[in-house]
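Each chain is listed here by its residues.
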Amino acid sequence: YRDWETTKMQTTCPYCGSGCQINMIVRNGEIVDAEPANGAANKNMLCVKGRFAAYRFAASKDRLTKPLIKRNGKFEKASWDEALDYVANRFSQLKADYGADSLAGFSCSRSINEDNYALQKMVRVGFGTNNVDNCARVCHAPSVHGLGTTLGSGAMTNTVKDITTDVDVILLIGSNTTEAHPVIGAQIRGAVRNGTKLIVIDPRKIDLTNIATLHLQQKGGTNVALLNGMMNVIINEGLADEKFIAERTEGYEKMKALVADYTPEKVAKICGLEPTEIIKAAEMYARADKAPIVYCLGVTEHSFGTEGVMSISNLALLVGKVGKPGCGINPLRGQNNVQGACDMGCSPFDLPGYQKLNDPKTLPKFEKAWGTKLNPDIGMTSTQVLPAAKTGKIKGLFIFGEDPLVTDPNTSAVREELASLDFLVVHELFMTETAQMADVVLPGLSYLEKEGTFTNTERRVQRVHQVMKPLSGVMDDFKVFCEIAKRMGGKMDFATTSDIMDEIAAVDPAYGGISFDRLKAHPNDGLQWPCTSPTDPGTPILHVDRFTRPGGKAVFMTLPYEAPNELPNDDYPFMLCTGRELYHYNTRAYSERTPGIREKAGKGRDLSYIEINQINAAEMGISDGDKVRVSSRRGTIESYAAVGDVVQPDAAFMTFHFPDGNSNFLTNPATDDIAKCPDYKVCAIKIEPV
Ligand code: SF4
């Protein structure tokens, strides 16, 4: 290893998809502090998580250090050889008894591209199935499917800098940017200070509503109706870009006929808004020269999430605001490398680079590249795999760096599904709730112990550097995948993560010009895919001349509004929305192991809370901080009331960060029909004082 007394080493933040660059301050081999570096997306800024919570967890005493095999209900330490043989033999036996499609693997969107590539290859060449997925399934899979259908690529079209610099209007839908992507939120604030107008569409009064020109506080689950209403106004007022529509799109007339029915008056009733609000938002967006749409999980995590994404695409195409600077359709990807996990082919539908399994050219190409026969059948999504464990179709599951028992909707059902498996392997840093249910737990390495890359929300491939010495006795994650694949008879070997990136470049044209060597020359700005050759500088804006759909044109979709899968009734009169907050992150695996961040969170934020409107609280005799019981059709938890006007009357909001009241005991596992993403944003609950 290098001289461990090095003082400063740059890497990429492991939390959200903003992709901030961090300098880790290393003294005598120990990380002692972190400070912002001047990355293209973060411009010398970090949020509280990047600044304070990006390294201490790695030195936690909770780290797993040895493989563990469960015998008679208890975990026993094992050597790597014993554990890998055991894992490979058990999976091989299940494959022999029930077929390759009885096995599945979930990859880790927090880990580096190279691990994700190796994991999906292990599942395909070792297990012999396409049952592989990543956590985009429960967040931005609707973006991948929706924008993939309408534009030809499911990725953010423009860059963070481009959508926050010298733009006239930012249309923000379903994104609490200040808390979920804080550094991008800060740049939106900066744009507003410099004169940009901000339209926020969100059922809650989020931080950015304080500086917005317009806040459309619509009812949850009504995005498609609202967007159809805005398009109705734009068409009727002659604000559509007819030239762009004629030259670069198809399917317009059918969509136009549908939205003719979505008058502002009708849509206002569905959404709980005034018609004038819809008209004003439509006019502001359409009349602006530069106006990006920025959205997040408030659009995707619905039983009509893919339709919501395609509606956004319709709106932007209608006014010709795609393929241009300061415009575009910009999904903010949630996790640090969820864009990369999707790019790497951790999907039951796609091989690396979104090369479709059902395209006749794909399989022969990968069979040649990997020197092995591959399974041609489209696999199951993660949201299909777990229920299939209960019905006995899935027998063995490998989970890398995910904790579905905490993160997936309807926790009680997920527990039963995981318990139904014949064999569960969890590869993790810590003994998570899901790991406790496993037959084998394998210790993993954190991003601080690896050389690799993350791809941020704007398609920017950036280096991750080995900043601390890997934990003694823990194998490189990618080598674990190689070993399992080989022991199951698969052909797969890599010496280094740099070799893996070279193979990625060889099979995925969008990464064709990316290598560790080349990234050395781009320490602060990485390379944005598509980057197809060693001389290609990368692509800041997609779809400039043509769309990547066959024929080169984008397509309008005809999307009638349908009500959410579950609505409030007399028994469950409140509509619950879930999300995340600034100080903690998802399961808190990192943030809870960071002394100090709890104090920074303030006001008892180590406990769960439920936001309730003050009118409802007064009716129920509930005061701020009171303990309450919260129930849905799927479960009951206790939490603490946060009373105010952030949510509307008859609405509520929770996070799933806190084990004392995890909202996923309540959430609805109903998925949208296309991407199979669950509805975390709308479920019916009741609230009672305790
Ligand atoms: Fe990390 Fe996101 Fe915060 Fe940047 S904004 S420091 S990437 S958590």
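Residues numbered from 1 in each chain as written. Predicted model: local features only at pLDDT ≥ 70, side-chain atom pairs only at ≥ 80, totals over all residues.

The protein carries the name Formate dehydrogenase, alpha subunit in an unreviewed UniProt entry, which gives Loigolactobacillus rennini DSM 20253 as its organism.

### What about the nonpolar core?
The nonpolar side chains of a soluble globular protein tend to be buried with one another. Formed by 176 residues in total, the largest nonpolar core has its most connected members in I170, L172, I199, M230 and I312. For this core, the element with the most residues is helix α8 (residues 223-236), which contributes eight residues. Within the second largest apolar cluster, 26 residues are counted, among which are M575, C577, I612 and I622. (Core = buried A, V, L, I, M, F, W, Y, C linked by C-beta atoms within 7 Å. Buried ≥ 20, exposed ≤ 12 C-beta atoms within 10 Å, placed from the backbone. Helix = DSSP H or I, 4+ residues; strand = E, 2+ residues; numbered from the N terminus.)

### Some words on the packing of helix α3 (residues 113-127) against helix α22 (residues 497-507)
Two elements in contact, α3 and α22, have axes whose closest approach is 9 Å; the angle formed by their N-to-C orientations is 70°. In terms of orientation, α3 lies roughly perpendicular with respect to α22. Regarding α3 and α22, the two cross each other, and that crossing is left-handed. Listed contacts from α22 to N113, E114, Y117 and A118 of α3 are T497, I500, M501 and I504. By residue class, the composition of the contact of α3 with α22 is five nonpolar, two polar and one charged. (Axes fitted to C-alpha atoms, helices over the stretch in contact; angles between N-to-C directions. Parallel < 35°, antiparallel > 145°, perpendicular 65-115°, else oblique. Left-handed = near helix turned anticlockwise from the far one by under 90°. Contact = placed C-beta atoms within 7 Å. Nonpolar A, V, L, I, M, F, W, Y, C, P; charged D, E, K, R; others polar.)

### Points about the domain arrangement of the protein
The domain boundaries assigned to the protein delineate domain 1 (8-59), domain 2 (68-124 + 351-528), domain 3 (157-331) and domain 4 (574-689). One C-alpha centre belongs to domain 1, the other to domain 4; they are set 29 Å apart. Across the side of domain 1 that touches domain 4, the residue classes break down as six nonpolar, no polar and two charged. (Domains from an automatic or database assignment.)

### Observations concerning the sheet that holds strand β13 (residues 329-331)
Sheet architecture is open: five strands sit in the order β10-β9-β8-β12-β13, paired in parallel fashion. Both edges of this open sheet fall to β10 (214-216) and β13, since each of them pairs with a single strand only. Strand-to-strand twist across the sheet, computed as the mean angle between neighbouring axes with direction ignored, equals 15°. Examined bridge by bridge, strand β8 (residues 169-173) and strand β12 (residues 293-295) share three bridges and lie parallel to one another. Directly across from L172, in β12, lies its bridge partner V294. (Pairing = 2+ DSSP bridges.)

### Considering the site of the ligand
Around the ligand, the structure places 14 residues, and the nearest of them are C13, Y15, C20, C47 and G50. Split into classes, the residues belonging to the shell around the ligand amount to eight nonpolar, five polar and one charged. Shared between two domains, the shell around the ligand takes at least three residues from each, and those domains are domain 1 (8-59) and domain 3 (157-331). (Near = placed C-beta within 6 Å.)

### Focus: the environment of E688
Its location among the elements puts E688 in strand β30 (residues 683-689). On the neighbour-count criterion, E688 (12 C-beta atoms within 10 Å) is exposed. Discounting residues that sit within four places of it in the chain, E688 has contacts with V628 and R629.

### Overview of the sheet that holds strand β19 (residues 452-455)
With antiparallel pairing, the three strands of this open sheet are ordered in space as β19-β20-β21. Edge positions in the sheet fall to β19 and β21 (527-528), since each of these pairs with one other strand and no more.

### Looking at α22
Of the positions making up α22, those classed as buried are T497, I500, M501, I504 and A505. Across the axial projection of α22, the buried residues extend over an arc of 145°, all falling on one side. Here the buried face of α22 lies against α3, β19, α21 (477-487) and α23 (516-519). (Arc of directions from axis to C-beta.)

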